[in-house]
2 protein chains.
Amino acid sequence: MHAHTNCIGVLGGMGPAATVDFMSKLVSLTPASCDQDHLPVVVANLPRIPDRSAAILGCGPTPLPVLRQSIQLLNEAGAGVIAIPCNSSHHWYAELCEVSLAPIIHIAQACVRRLPAGTRETLVLATRGTLASGFYQRELDGRGFRWSVPDSTTEQPLVDDCIRQIKCGDRAAGSASLQALFDRARERGIDTAILGCTELPLAATGTESAGLLLIDSTLELARSVVDFGLRCGWNHG
Amino acid sequence: MHAHTNCIGVLGGMGPAATVDFMSKLVSLTPASCDQDHLPVVVANLPRIPDRSAAILGCGPTPLPVLRQSIQLLNEAGAGVIAIPCNSSHHWYAELCEVSLAPIIHIAQACVRRLPAGTRETLVLATRGTLASGFYQRELDGRGFRWSVPDSTTEQPLVDDCIRQIKCGDRAAGSASLQALFDRARERGIDTAILGCTELPLAATGTESAGLLLIDSTLELARSVVDFGLRCGWNHG
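Let's talk about the overall build of chain A
Okay, so step 1: Helix and strand counts for chain A stand at eleven helices and seven strands.
Okay, so step 2: Each of the three principal axes of chain A carries a C-alpha extent, and together these read 55 × 40 × 35 Å.
Okay, so step 3: Residue burial in chain A is summarised as follows: out of 237 residues, 62% are buried.
Okay, so step 4: When contacts within chain A are restricted to residue pairs at least 6 apart in sequence, long-range pairs at least 24 apart make up 73% of them.
Okay, so step 5: Entry remark: accessible area of chain A is about 8,500 Å², with carbon and sulfur atoms responsible for 51%.
Okay, so step 6: Computing the positive centroid from 19 side-chain charges and the negative centroid from 23, chain A places the two 2 Å apart.

Shown next, in the form of structure tokens:
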């Protein structure tokens with residue numbers, strides 16, 4: 001039974017704070033003067049999905065069965081498009097599209113589309129799983145952008161720390177870790193950083209990033225899904 | 001098909017910003033050091049539900065059929081308890097409980113439970129519909145608390161303004177309206193105010209309320225539902 005056959009479906013909970021940030025951005029991006037102008041959204045916030053990054057790296061159980069179930073739940077709830085505010089999950093993008101009637105917006109495509117044409121070098125900040133999966137690198141290569149990833153022993157530990165700190169609610173520590181990464185990136189002449197993990201934008205609000213264009217994957221995914229919903233007229237019943 | 005047979009169900013979208021605030025409070029109130037410690041939540045954020053307050057006052061269509069459908073959707077998605085972060089909707093509480101297998105936590109009961117025993121006088125700030133419905137007044141009477149409501153011509157317009165301002169995204173204006181109400185309340189010797197509309201806590205963050213105990217209905221509903229979920233062990237799979 002569908003309350004609405006056309007609504008935005010959100011596969012959330014990875015992590016829960018990132019999903020709240022995504023929902024907040026979705027509401028802010030929607031032009032509305034009253035409740036009824038907003039877009040209908042169904043969110044499945046299922047935090048017990050096994051760790052995505054660990055699974056990609058071969059050191060944890062696969063989250064695919066639970067991700068598939070959640071996609072089916074959103075389809076049954078009437079989703080006409082699906083957003084997954086978790087970058088690492090996009091390792092299983094093809095498998096999830098297979099079980100979904102509704103199109104799933106790819107978070108990395110949403111981000112890379114926003115890169116300005118003259119970008120010098122883009123640093124991809126993401127979990128070790130996302131980087132090993134390689135979908136950001138492929139998307140950037142496909143559009144002819146030069147990219148780099150953090151050094152795995154001196155820089156990636158700061159990304160890992162930042163994500164863990166945000167997931168356990170310590171935003172100040174998360175911001176300090178991210179600030180150290182931004183400072184190193186500028187020293188290396190990088191002009192753009194993709195915050196390719198949805199915990200990172202939560203840490204970025206407490207940083208100073210002058211001279212560095214930040215591409216917020218949560219914001220870009222929200223922008224894409226709001227555009228989709230507005231084009232479909234879902235804000236008009 | 002249920003991704004989880006035991007999760008928190010949230011009937012949201014009334015308004016969308018208030019639902020985001022509720023989700024944020026729910027995440028903050030959950031003791032967690034990683035994603036998997038959090039409580040599973042399914043949110044139906046359906047903003048096209050007809051205006052609740054107007055319907056109670058007899059000047060708009062009833063939202064009951066859509067509210068019922070949404071409750072059923074949450075039950076089908078596996079909700080083991082349901083929260084509705086919209087006070088006015090509780091006018092139809094009995095009718096919604098009838099169609100729900102999962103218990104629905106009553107927002108006014110969650111608030112009134114938090115009033116300290118020695119409270120002198122509680123001001124109920126809410127929509128005209130909620131006040132006309134009378135469920136807050138009945139709950140306060142039932143527990144022996146003295147209460148008052150805003151004067152309908154000089155004070156309630158400030159409540160109405162505040163709610164409308166928050167719904168259209170103007171937080172500064174909403175805070176100014178609410179500040180004026182707090183100032184009048186203190187002059188009248190009131191010591192407690194129930195923010196009995198989920199838009200009001202969003203306005204309250206920009207106010208000065210010293211000497212006035214604020215009972216935030218969004219926070220109290222979140223607290224009740226998190227307590228329910230933790231008691232059921234839904235954070236442990």
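Quick notes on the environment of B:Gly80
All names here are of chain B.
Okay, so step 1: When you line up the elements, Gly 80 lands in strand E3 (residues 79-83).
Okay, so step 2: Through-space distance from the C-alpha of Gly 80 to that of Asn 6 is 4.9 Å; in sequence the pair is 74 residues apart.
Okay, so step 3: Among residues more than four places away in sequence, those in contact with Gly 80 are Asn 6, Cys 7, Ala 102, Pro 103, Phe 228 and Trp 234.

A look at the nonpolar core
Okay, so step 1: Membership of the largest hydrophobic core comes to 64 residues, with the highest contact counts inside it found for A:Ile8, A:Phe22, A:Tyr136, B:Ile8 and B:Tyr136.
Okay, so step 2: Discounting chain neighbours no more than four positions away, the residues touching B:Tyr136 are B:Asn87, B:Ile107, B:Ala108, B:Cys111, B:Val112, B:Val124, B:Thr130, B:Ile194, B:Gly196 and B:Ser217.
Okay, so step 3: Core analysis: the next-biggest nonpolar cluster, separate from the first, contains 46 residues, A:Ala44, A:Ile84, B:Met14 and B:Leu46 among them.

Focus on the domain arrangement of chain A
Often, the extent of an interface is quoted as the loss of accessible area on bringing the components together.
Residues and elements named next belong to chain A.
Okay, so step 1: Here the domain parsing of chain A yields domain 1 (7-106 + 220-236) and domain 2 (109-217).
Okay, so step 2: Look at where the C-alpha atoms of domain 1 and domain 2 centre, and you get two points 21 Å apart.
Okay, so step 3: Facing 21 residues of domain 1, the contacting portion of domain 2 comprises 24 residues.
Okay, so step 4: Of the roughly 1,800 Å² buried between domain 1 and domain 2 on both sides combined, carbon and sulfur atoms contribute 50%.
Okay, so step 5: Contact with domain 2 buries area across many residues of domain 1, yet Asn 87, His 106 and Glu 220 alone supply 38% of it, more than any other trio.
Okay, so step 6: Scanning the region where domain 1 abuts domain 2 turns up two salt bridges.
Okay, so step 7: At the boundary of domain 1 with domain 2, the tally comes to 16 residue pairs in polar contact (both at pLDDT 80 or more).
Okay, so step 8: Listing elements by their share of the side of domain 1 that touches domain 2, those giving two or more residues are helix H1 (16-29), helix H2 (52-56) and helix H11 (217-231).
Okay, so step 9: Taken together, the residues of the side of domain 1 that touches domain 2 break down into eight nonpolar, eight polar and five charged.

So, the sheet that holds strand E2 (residues 41-45) of chain A
Okay, so step 1: Strands sit in the order E3(A)-E1(A)-E2(A)-E2(B)-E1(B)-E3(B) across an open sheet of six strands; the sheet is mixed. Looking at which strands have only one partner, the edges of the open sheet turn out to be strand E3 (79-83) of chain A together with E3 of chain B. Ignoring strand direction, the axes of neighbouring strands in this sheet form an average angle of 20°.
Okay, so step 2: In terms of strand pairing, strand E1 (residues 7-12) of chain B meets E3(B) through four bridges, oriented parallel. Looking at E3(B), one finds that B:Gly9 is bridged to B:Ile82.
Okay, so step 3: The sheet contacts of helix H3 (residues 64-76) of chain B involve E1, strand E2 (41-45) and E3 of chain B, and relative to E1(B) the element is tilted by about 160°.

Here's the deal with the sheet that holds strand E4 (residues 122-125) of chain A
Residue and element names in this part refer to chain A.
Okay, so step 1: Taken in spatial order, the four strands line up as E5-E4-E6-E7 in an open sheet, and their pairing is parallel. Since the sheet does not close on itself, it has two edges, and those belong to strand E5 (147-148) and strand E7 (213-216), each with one partner.
Okay, so step 2: Here E4 pairs with strand E6 (residues 192-195) via four bridges, running parallel. Bridge pairing links Leu 123 to Ala 193 in E6.

What to know about the side chain of A:Gln156
Residues and elements named next belong to chain A.
Okay, so step 1: Summarising the element assignment, Gln 156 is placed in helix H8 (residues 156-167).
Okay, so step 2: Within the local environment of Gln 156, its side chain forms a polar contact with the backbone oxygen of Ala 126, the two atoms lying 2.9 Å apart.
Okay, so step 3: The contacts of Gln 156, once residues within four sequence positions are left out, are Ala 126, Thr 127, Arg 128, Leu 131, Pro 150 and Asp 151.

Brief notes about the packing of helix H1 (residues 16-29) of chain B against helix H11 (residues 217-231) of chain B
All names here are of chain B.
Okay, so step 1: It is the contact of H1 with H11, at a shortest axis distance of 9 Å, that shows an interaxial angle of 45°. For the element pair H1 / H11, the angle class is oblique. Note that H1 runs across H11; the crossing there is right-handed. Side by side, H1 and H11 meet where Ala 18, Asp 21, Phe 22, Lys 25, Leu 26 and Leu 29 of the first sit next to Thr 218, Leu 219, Leu 221, Ala 222, Arg 223, Val 225 and Val 226 of the second.
Okay, so step 2: A breakdown of the residues in the contact of H1 with H11 according to their chemical character gives nine nonpolar, one polar and three charged.

A few points about the interface of chain B and chain A
Okay, so step 1: Contacts between the two partners involve 45 residues from chain B and, on the opposite side, 45 residues from chain A.
Okay, so step 2: Both sides together, the interface formed by chain B and chain A hides about 3,700 Å², and carbon and sulfur atoms give 59% of it.
Okay, so step 3: At the junction of chain B with chain A, the criterion picks out four salt bridges.
Okay, so step 4: Ranked by the residues each element gives to the side of chain B that touches chain A, the list is headed by H1(B), at six residues.
Okay, so step 5: Of the residues belonging to the side of chain B that touches chain A, the class tally is 24 nonpolar, 15 polar and six charged.

Conventions adopted
- Residues numbered from 1 in each chain as written.
- Chains lettered and ligands numbered in written order.
- Predicted model: local features only at pLDDT ≥ 70, side-chain atom pairs only at ≥ 80, totals over all residues.
- Heavy atoms only, no water.
- Helix = DSSP H or I, 4+ residues; strand = E, 2+ residues; numbered from the N terminus.
- Buried < 20%, exposed > 50% of the residue type's maximum accessible area, 1.4 Å probe, protein only.
- Contact = heavy atoms within 4.5 Å.
- Areas by Shrake-Rupley, 256 points an atom, 1.4 Å probe, with all protein chains shown as cover.
- Lys, Arg positive; Asp, Glu negative; His and termini not counted.
- Charge placed at Lys NZ, Arg CZ, Asp CG, Glu CD.
- Core = buried A, V, L, I, M, F, W, Y, C linked by side-chain atoms within 4.5 Å.
- Domains from an automatic or database assignment.
- Buried area = accessible area lost by both parts, 1.4 Å probe.
- Salt bridge = Lys/Arg side-chain N within 4 Å of Asp/Glu carboxyl O.
- Polar contact = N/O pair within 3.5 Å; in protein donor to acceptor, adjacent residues only side chain to side chain.
- Nonpolar A, V, L, I, M, F, W, Y, C, P; charged D, E, K, R; others polar.
- Pairing = 2+ DSSP bridges.
- Axes fitted to C-alpha atoms, helices over the stretch in contact; angles between N-to-C directions.
- Parallel < 35°, antiparallel > 145°, perpendicular 65-115°, else oblique.
- Left-handed = near helix turned anticlockwise from the far one by under 90°.

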